[in-house]
Amino acid sequence: EHAGSVLLVGVEPEEESPILFLRLRKAYRRNGTKVAAVAPLSTRGLRKVGGALIPSAPGTEVEVLEALRADAPAETGGEAYRAAHEALRAEGAIILVGERLATVPGALTAAAGLAMMPLAGDVPSAHEARAPAALHALAAGDHGTGPARR
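So, here's what we can say about the structure. (Residues numbered from 1 in each chain as written. Predicted model: local features only at pLDDT ≥ 70, side-chain atom pairs only at ≥ 80, totals over all residues. Heavy atoms only, no water.)

1. Looking at the packing of helix H4 (residues 61–69) against helix H6 (residues 107–115)
- Look at H4 against H6: their axes get within 9 Å of each other, and the N-to-C directions meet at 15°. In terms of orientation, H4 lies roughly parallel with respect to H6. Once H4 is placed against H6, the crossing between them reads as left-handed. Contacts between H4 and H6 involve Val-62, Leu-65, Glu-66, Leu-68 and Arg-69 from the first element and Ala-107, Ala-110, Ala-111, Gly-113 and Leu-114 from the second. (Axes fitted to C-alpha atoms, helices over the stretch in contact; angles between N-to-C directions. Helix = DSSP H or I, 4+ residues; strand = E, 2+ residues; numbered from the N terminus. Parallel < 35°, antiparallel > 145°, perpendicular 65-115°, else oblique. Left-handed = near helix turned anticlockwise from the far one by under 90°. Contact = heavy atoms within 4.5 Å.)

2. Structural notes on the pairing of strand E1 (residues 5–9)
- Across the five residues of E1, five count as buried, placing the element largely inside the fold.
- Residues Ser-5, Leu-7 and Val-9 point to one face of E1 and Val-6 and Leu-8 to the other, with burial holding for every one of them.
- Taken together, the five bridges between E1 and strand E2 (residues 34–39) define a ladder with parallel strand orientation. Residue pairing in the sheet places Val-6 in a bridge with Val-35 of E2. (Buried < 20%, exposed > 50% of the residue type's maximum accessible area, 1.4 Å probe, protein only. Pairing = 2+ DSSP bridges.)

3. Quick notes on the nonpolar core
- Judged by nonpolar contacts, the single largest core of 24 residues is most densely connected at Leu-7, Ile-54, Leu-65, Leu-68, Leu-88, Ile-95 and Leu-114.
- Elements represented by at least two residues in this core include exactly E1, E2, H4, helix H5 (78–87), strand E4 (93–98) and H6.
- Tallying contributions element by element places H6 first for this core, with five residues.
- Within the second largest apolar cluster, 12 residues are counted, among which are Val-6, Leu-8, Leu-20 and Phe-21. (Core = buried A, V, L, I, M, F, W, Y, C linked by side-chain atoms within 4.5 Å.)

4. Considering the packing of H4 against H5
- Packing of H4 against H5 leaves a shortest axis separation of 9 Å and a crossing angle of 55°. Considering their axes alone, H4 and H5 lie oblique with respect to each other. The two elements H4 and H5 meet at a crossing, and its hand is right-handed. Between H4 and H5, the contacting residues are Val-64, Ala-67 and Leu-68 on the first element and Tyr-81, Ala-84 and His-85 on the second.
- In terms of residue class, the contact of H4 with H5 is made up of five nonpolar, one polar and no charged. (Nonpolar A, V, L, I, M, F, W, Y, C, P; charged D, E, K, R; others polar.)

5. Some thoughts on the environment of Arg-89
- Among the structural elements, Arg-89 can be located in the loop between H5 and E4.
- As for Arg-89 and Arg-69, which are separated by 20 residues in sequence, their C-alpha atoms are 9.3 Å apart.
- In terms of polar contacts, Arg-89 uses its side chain to reach the backbone carbonyl oxygen of Arg-69, at 3.1 Å. (Polar contact = N/O pair within 3.5 Å; in protein donor to acceptor, adjacent residues only side chain to side chain.)

6. Here's the deal with H4
- When we look at burial in H4, the residues that qualify are Glu-61, Val-62, Val-64, Leu-65 and Leu-68. Along the long axis of H4, the arc covered by the buried residues comes to 165°, so they all point the same way.
- On its buried face, H4 sits against E1, E2, strand E3 (52–55), H5 and H6. (Arc of directions from axis to C-beta.)

7. Comments concerning the pattern of salt bridges
- All told, the structure shown has six salt bridges when counted by the stated rule.
- The residue Arg-23 makes a salt bridge to Glu-1 at a minimum N-O spacing of 3.6 Å. Taken together, the residues span a long stretch of sequence, with Arg-23 in helix H2 (residues 18–31) and Glu-1 in the segment before E1 at a distance of 22 residues.
- For the salt bridge of Glu-16 with Arg-100, the shortest nitrogen-to-oxygen distance reads 2.2 Å. Of this pair, Glu-16 sits in helix H1 (residues 13–16) while Arg-100 sits in the loop between E4 and H6, and the two are 84 residues apart along the sequence.
- Under the relative-accessibility criterion, Glu-16 is labelled partly exposed at 33%. (Salt bridge = Lys/Arg side-chain N within 4 Å of Asp/Glu carboxyl O.)

Right, dumping it as structure tokens:
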């Protein structure tokens, strides 16, 4: 509820995790949390949380996540893409990954790589690893009440 920005990948909270959806909507309404989704189409739930769509055909999520990780946003990515590119480099960014992403080869690795990129203005040393974006995976039966556990 206090995140500055949330990137949804492979998950539709309103349909798959109603508690998570309500928390996102509360964060958007009360705190102005910026929400973006890497998905093939915009949903009613995404619009309810003021979310922006980063279009991705099924199976192309790896390319989109790697492009978001790049140092400079792509010229053809659109406004939602550029806004997410900047938001993920800010303190308090969260990436929520749904179980559907596990069916795309390399997508979970790409999401983890995106979470590990340095904050804007940071110059990470060779001896420290920082994860500026929190990466949470939603498993079947998880209703968004906390990070996935093994």
